[in-house]
Structures are given as structure tokens and as C-alpha cells.
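A look at the structure
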Amino acid sequence: LRGVVHVSREHTPIITLSDRLSTETTDALAALISMRGFNEGTTEKVKAVPRHELPTIMDKLLERAKEEQEWGKPAIAFPLLTVAKVDSDQAKQFANFLMKLPGAQVKAPIVPLIQNEPWAVPVLAKWEAAADVSDQVKKAIKMGREGM
């Protein structure tokens, strides 16, 4: 097992020996962290992760996601979406995270990334009704709905 996976400019460990994760989980998390777009190989690695370790992966990714100041198309969105596609419980976790974002942080490019996901319906509804979400985001939501 890799003892520590380092990510970011600060080299903050995302997993440590104390996490005691399986090799499959460690490999999947390393692949997720390096994602810059969707990747079927990484999705397959996540599918190989023991189900009881998926919440740990989501928690680690959400820790990184909290560092984002704008949610347009941040790199961390792709690993989060990948895990959400594999497990519905983790999709709910991601949806809850997105719903708690300050409206000013939400940017229009995130809408097409999540608009076709069933778990995103309440997220998009909340953003559309929120006073602090930009008109550009609301327009993207409307366009996405009309394009379906």
C-alpha cells in the first residue's frame, strides 16, 4: 500500500496510514485525485472499491472540494461525479454538499455537468430559486431543462 497519497501544492496528505484503506481504494483514490475529466478506467477502479470504503473516498474528496472558491468546472468535480455515478448514497452526499454552497460560488459551467443526474434535481431547483445565485446559472438551468 502507498502510505500517503500527496496532492496539491501544499502536499497535504489525502490519505494516511491510519485510514487503513484497501489497495483497491488507495488506487482508486489516487486515480480520482489525478482526474482532469471523465475517465472510464478510473470509473472501473471506483467500481472495484469495497462498498464500505466508498464513504471514505467521498469524504476525502469533499474535504478537497471545500477548498474551491468557485464552482464552475473545478477539477475536483470530475472525481466527485465519478463516485456519485457509482454509488447512489455518495451521490446524495455530493448533492447535499452542492446545496450548501454559497450561491455566489456557483457558476454556470457546473450546470451541464450535473443536469442529467437524477440526484441533481433538488440541487438545480434550489439554485434556481436562490436569490444569491447568478442569472447566468439560472439561465443555464433553464436551457438545460428545455434541452431535455
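Owing to the predicted nature of the structure, the values given are computational and were not obtained by experimental measurement.

Between two packed helices, both the angle of their axes relative to each other and the distance between the axes serve to describe the pair. Two elements in contact, helix α5 (residues 88-99) and helix α7 (residues 121-129), have axes separated by 9 Å at closest approach and are oriented at 5 degrees. Judged on the interaxial angle alone, α7 and α5 are roughly parallel. Counting all contacts with α5, which are made through A95, L98 and M99, the residues of α7 involved are P122, V123, K126 and W127. Taken together, the residues of the contact of α5 with α7 break down into six nonpolar, no polar and one charged.

A full pass over the atoms with the stated rule returns four aromatic pairs. With centroids separated by 6.4 Å and ring planes inclined at 55 degrees, the aromatic side chains of W71 and F94 adopt a geometry described as tilted. Residue W71 is found in the loop between α3 (54-65) and α4 (77-86), and its partner F94 is found in helix α5; the two are separated by 23 residues along the sequence. As far as burial versus exposure is concerned, W71 and F94 are alike and both buried. Note on F94: relative accessible area 0%, which makes it buried. Here a set of aromatic residues connected by ring pairs shows up, and it is made of W71, F94, F97 and W119.

It is the contact of helix α2 (residues 40-47) with α4, at a shortest axis distance of 10 Å, that shows an interaxial angle of 50 degrees. With respect to α4, the axis of α2 lies oblique. Crossing of α2 against α4: the hand is right-handed. Listed contacts from α4 to T43, V46 and K47 of α2 are T82, V83 and V86. Broken down by class, the residue content of the contact of α2 with α4 amounts to three nonpolar, two polar and one charged.

What counts as what
- Residues numbered from 1 in each chain as written.
- Predicted model: local features only at pLDDT ≥ 70, side-chain atom pairs only at ≥ 80, totals over all residues.
- Heavy atoms only, no water.
- Axes fitted to C-alpha atoms, helices over the stretch in contact; angles between N-to-C directions.
- Helix = DSSP H or I, 4+ residues; strand = E, 2+ residues; numbered from the N terminus.
- Parallel < 35°, antiparallel > 145°, perpendicular 65-115°, else oblique.
- Contact = heavy atoms within 4.5 Å.
- Nonpolar A, V, L, I, M, F, W, Y, C, P; charged D, E, K, R; others polar.
- Phe/Tyr/Trp six-rings, centres within 6.5 Å; stacked < 30°, edge-to-face > 60°.
- Buried < 20%, exposed > 50% of the residue type's maximum accessible area, 1.4 Å probe, protein only.
- Left-handed = near helix turned anticlockwise from the far one by under 90°.

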